[in-house]
Amino acid sequence: MGWHRYFNKQCRRVTENERPLLSLSSDDLRGILDLNVVGVHAVTSAVLRHAMLPAGSGKIVNISSRAGKVGLPNYSHYCASKFALEGLTAALAEEVKEEGIEVNTLSPGMVNTQSFPKPEGKKGVRSAESIEDSLFALLDGGVTSHYIHADELDEARAKGLEDRVALKPIREVPFSP
């Protein structure tokens, strides 16, 4: 099976598995983890090994989701995969920061795609320009181990704020009583 068909099949599994955790199988979980975590690991490690580490620089932006920060009912497997991606990204950022490589995540929000079509005029659907702006905010931000939600960048810009206010660290702020 070609990668494109495999990817589309896995994406469909997300919407097909929109139901409570108790009705999902371990195979359902493995499928979404393969797509959102194992696939990212495979590509990232190859690019690091063959290009970025020898060059001593690079920028990695993993595509995450707000679901990687909050639990959403009936999306437990998807949330688990995106939480795992956030952890993978934060750990990798720490591992390669001294090598001149930045590693961050972008949460595009709802985007109208072939795999996940949205109704015309649905509130909250991000434009391609909004996603592009978020990507460049990360690429030009000079940060590592951060994430950005496209809707929050849009909101910051609407209020006349600098893009950097929408960049947040993936790592939890240490407790300080």
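This text follows the structure it describes.
The rules we used
Residues numbered from 1 in each chain as written. Predicted model: local features only at pLDDT ≥ 70, side-chain atom pairs only at ≥ 80, totals over all residues. Heavy atoms only, no water. Phe/Tyr/Trp six-rings, centres within 6.5 Å; stacked < 30°, edge-to-face > 60°. Lys NZ or Arg CZ within 6 Å of the ring centre and 35° of its normal. Bend = angle between axes of the 7 residues up to and from the residue. Helix = DSSP H or I, 4+ residues; strand = E, 2+ residues; numbered from the N terminus. Buried < 20%, exposed > 50% of the residue type's maximum accessible area, 1.4 Å probe, protein only. Polar contact = N/O pair within 3.5 Å; in protein donor to acceptor, adjacent residues only side chain to side chain. Core = buried A, V, L, I, M, F, W, Y, C linked by side-chain atoms within 4.5 Å. Contact = heavy atoms within 4.5 Å.

Novice: Any chance you could explain the packing of aromatic side chains here in plain terms?
Specialist: Given two aromatic rings, their pairing is described by the distance between the two centres and the angle made by the two planes. Counted under the stated rule, the structure contains zero aromatic pairs. For the cation-ring pair, Lys69 lies above Tyr147, with the distance from its terminal atom to the ring centre recorded as 4.0 Å.

Novice: What am I meant to see in helix α2 (residues 26–55) here?
Specialist: Residues three or four positions apart in an α-helix share a direction because the helix packs 3.6 residues into each turn. The sharpest bend along α2 reaches about 50° and sits at Leu48. What α2 keeps buried is the set Asp28, Gly31, Ile32, Leu35, Asn36, Val37, Gly39, Val40, Thr44, Ser45, Leu48 and Met52. Its side-chain oxygen placed 3.3 Å from the backbone nitrogen of Asp27, Ser25 serves as the N-cap of α2. Once α2 finishes, Gly56 follows within two positions and takes phi at roughly 75°, a positive value.

Novice: Would you mind showing me how to read the nonpolar core here?
Specialist: Considering soluble globular proteins, one finds that nonpolar side chains tend to be buried as a cluster. In this structure, Leu106, Ile131, Ala137, Leu138, Val143, Ile148, Ala150, Leu153, Ala166 and Leu167 together form the largest nonpolar core, which totals 10 residues. Breaking this core down by element, the ones donating at least two residues are α4 (128–140) and α5 (150–158). The element that contributes the greatest number of residues to this core is α4, accounting for three residues. Among residues more than four places away in sequence, those in contact with Ala137 are Ile148, Leu153, Asp163 and Leu167. In this structure, Leu48, Ala93, Ile101 and Val103 belong to the second largest nonpolar core, which totals eight residues.

Novice: I keep staring at the environment of Arg19 and nothing clicks. Help me out?
Specialist: With respect to the element layout, Arg19 can be found in the loop between α1 (3–16) and α2. Looking at Arg19, the relative accessible area reads 27%, which means it is partly exposed. Put simply, Arg19 and Ser76 are 57 residues apart on the chain and 8.4 Å apart in space, counted from C-alpha to C-alpha. Not counting residues within four places of it along the chain, the set of residues in contact with Arg19 comprises Leu24, Asp28 and Asn74. A distance of 3.2 Å separates the side chain of Arg19 from the backbone oxygen of Ser23, its partner in a polar contact.

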